[in-house]
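Each chain, written out:
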Amino acid sequence: MDFSFSEADEKFRMTVRDFFENEYPREIVEKMARGCSPTKQDYQHSERALAAKGWLAVNWPKADGGTGWTANQKYIFDEELERAGALNVVPMGLLYVGPVIYTFGTEEQKKRWLPGILDSTVFWAQGYSEPGSGSDLASLQCAAARDGDEYVVNGTKIWTSLAQHADWIFCLLRTDNSGKKQEGITFLCIDMASPGITVRPIISIDGKHSLNSVSFENVRVPVENRIGEEGKGWTYANYLLGHERTSYAHVAGKRKQLADIRATAETTDAGGLRLIDDAAFRAKLASLEARLDALELTVLRVLATVAEGGAPGNEASILKVIATELAQDITELGMEAHGPYAMPAFPDSVAPGWAGNTPLPADAAPAVARYLGARAQSIYGGSNEIQKNILAKRVLGLP
């Protein structure tokens, strides 16, 4: 089986690599290497640099403003972006709601919302999870009651990523309780400047502010902001979640982390011994590298399916489980590699001094932040326990 890329693909790779090495904003790469949180301005600076090349909406059809790239080219682009340490795009607009809008939205909605996503002037948040309705998304109760040409929204969304930056939020809302819980859910787009919306920060264990609670109190939303039919939001959500869960792989980013861990382990410590010479450590590192190879092959199988006109199915759940568990295990080994330096540090500043005036290794603080932040990966986007139940039923045929 030949997994090598064609000569044309490798030429494309060199073009992308040259861009990230010579044209992409270096200050963003350096900031990410320090483990700092990107600001809204950082995201916009990064995305506008990509947009100037026509490389922002890599997964969109060309007719809707995308690149028209092949599956191989998209994969290579993601590889080179992460290899360079560049900032990933904000997924809520480009990866999540954008495809829903151009697939299920009206022509007016496409004209209204897609341009702002494509030029990184309009930020989106995703309003799915609620207190008590996380992985069991169908049980959500945040309600939208029809009142003439408007919906009146009341309730709370939680774990809402980057809502503090958002101009719009797309929400799944309960419009009917009479049938099955998967029914009666409607997909609405809501202007975050609407009266009655309150955003409250949630500071996560890594000390960062990316999560929020968003409450709605009698928020009036025009019916024209509804995507598709009333009560069909579950259908659109499943389409979106397939795209979301296949975006978790980040193979190149994981390879970079493993390379950094190996480099750290090859450094001689104060006792004159190298961690890389420890057989148990080498076995852990080799195991993670083998698991990453397996993840990459799974991603390539999904890409082949999509390239042939298919959609991510059960593979989306498989990718979500193996990618997030692998991410957690890689960051855990990173903590082990740093030994006594793997201590809580201010994640948004250069690593502070340790043991008197002895500075921490430059990559120690980012390693701690990555480890703490990765704890949530097996929970968000549909917990891994839920994904394993899906696979047990749909793939293994278990009751």
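Every value quoted in this text rests on a predicted model; they were computed, and no experiment measured them.

Topic: the overall build of the chain
Phase 1: Secondary structure summary: the chain contains twelve helices and nine strands in total.
Phase 2: When burial is assessed residue by residue, the chain has 47% of its 399 residues classed as buried.
Phase 3: Residue pairs in contact within the chain that sit at least 24 positions apart in sequence constitute 72% of those at least 6 positions apart.
Phase 4: For the chain, the computed accessible surface area is about 19,000 Å², with 53% contributed by carbon and sulfur atoms.

A few points about the confidence of the model for the chain
Phase 1: Confidence along the chain averages 86 in pLDDT terms, with 88% of residues attaining 70 or more.
Phase 2: Of all secondary-structure elements in the chain, the lowest mean pLDDT belongs to strand S8 (residues 353–354), at 42, while strand S3 (residues 150–157) reaches the highest, 98.
Phase 3: Note that residues 349–358 has pLDDT below 50 and, in this model, 15 contacts with residues that lie over four places away or in other chains.

As for the pairing of strand S4 (residues 168–174)
Phase 1: Along S4, seven of the seven residues are buried, which leaves the element largely enclosed by surrounding structure.
Phase 2: Residues Trp 168, Phe 170, Leu 172 and Arg 174 line one face of S4 and the alternating positions Ile 169, Cys 171 and Leu 173 line the opposite face, and both faces are buried.
Phase 3: Across four bridges, the pairing between strand S1 (residues 124–127) and S4 is parallel. When the bridges of S4 are listed, Trp 124 appears paired with Trp 168.

Quick look at the nonpolar core
Phase 1: Counting 72 residues, the largest nonpolar core has Phe 20, Phe 77, Trp 124, Phe 170, Phe 187 and Leu 295 as the members making the most contacts within it.
Phase 2: Ranked by the residues each element gives to this core, the list is headed by helix H9 (residues 279–307), at eight residues.
Phase 3: In this structure Phe 187 touches Val 97, Val 100, Tyr 128, Phe 170, Cys 171, Leu 172, Asn 225, Arg 226, Ile 227, Gly 233, Tyr 236 and Leu 240, once residues within four positions along its chain are discounted.
Phase 4: With 19 residues, the next largest nonpolar core counts Ala 125, Tyr 151, Cys 171 and Ile 190 among its residues.

A word on the packing of aromatic side chains
Phase 1: If you walk through the whole model with that rule in mind, you get 19 aromatic pairs.
Phase 2: Taking 5.7 Å as the distance between ring centres and 5° as the angle between the ring planes, the aromatic pair formed by Phe 170 and Phe 187 counts as stacked. Of this pair, Phe 170 sits in strand S4 while Phe 187 sits in strand S5 (residues 185–191), and the two are 17 residues apart along the sequence.
Phase 3: Under the relative-accessibility criterion, Phe 170 is labelled buried at 0%.

Things to note about the state of the cysteines
Phase 1: In total, this model carries zero disulfides according to the counting rule given.
Phase 2: Summary of cysteine pairing: Cys 142 is not part of a disulfide, and the nearest cysteine sulfur, belonging to Cys 171, is at 6.5 Å.
Phase 3: You can call Cys 171 buried: its relative accessible area is 0%.

Points about the pattern of salt bridges
Phase 1: One pass over the full model with this rule turns up 23 salt bridges.
Phase 2: Here Glu 224 and Arg 112 are joined by a salt bridge, their closest N and O atoms 3.9 Å apart. With Glu 224 in the loop between strand S7 (209–222) and helix H7 (233–246) and Arg 112 in helix H6 (residues 107–118), the pair connects residues that are 112 residues apart, well separated along the chain.
Phase 3: Among the ionic contacts, a cluster of salt bridges with common partners joins Glu 10, Arg 13, Arg 17, Glu 21, Glu 79, Glu 80 and Arg 83.

Description of the pairing of S7
Phase 1: Here seven bridges tie S3 to S7, and the two strands are oriented antiparallel to one another. Residue pairing across strands places Val 153 opposite Val 219, the latter belonging to S7.
Phase 2: Sheet topology note: the strand S6 (residues 197–203)/S7 ladder contains seven bridges and is antiparallel. The residue of S7 that forms the bridge with Val 199 is Val 214.
Phase 3: In textbook terms, the turn of a hairpin is the stretch between consecutive antiparallel strands, and for S6 and S7 this stretch comprises five residues, one of which, Gly 207, has a positive phi near 80°.

A word on unusual backbone geometry
Negative phi characterises most residues that are not glycine, and trans characterises most peptide bonds.
Phase 1: Even without glycine at this site, Trp 159 takes up a positive phi of about 60°.
Phase 2: Along the polypeptide, Trp 159 turns up in the loop between S3 and S4.
Phase 3: The phi dihedral of His 250 falls on the positive side, at around 45°, and the residue is not glycine.
Phase 4: Topologically, His 250 is positioned in the loop between H7 and helix H8 (251–265).

The rules behind these values
- Residues numbered from 1 in each chain as written.
- Predicted model: local features only at pLDDT ≥ 70, side-chain atom pairs only at ≥ 80, totals over all residues.
- Heavy atoms only, no water.
- Helix = DSSP H or I, 4+ residues; strand = E, 2+ residues; numbered from the N terminus.
- Buried < 20%, exposed > 50% of the residue type's maximum accessible area, 1.4 Å probe, protein only.
- Contact = heavy atoms within 4.5 Å.
- Areas by Shrake-Rupley, 256 points an atom, 1.4 Å probe, with all protein chains shown as cover.
- pLDDT = per-residue confidence, 0-100.
- Pairing = 2+ DSSP bridges.
- Core = buried A, V, L, I, M, F, W, Y, C linked by side-chain atoms within 4.5 Å.
- Phe/Tyr/Trp six-rings, centres within 6.5 Å; stacked < 30°, edge-to-face > 60°.
- Disulfide = S-S within 2.5 Å.
- Salt bridge = Lys/Arg side-chain N within 4 Å of Asp/Glu carboxyl O.

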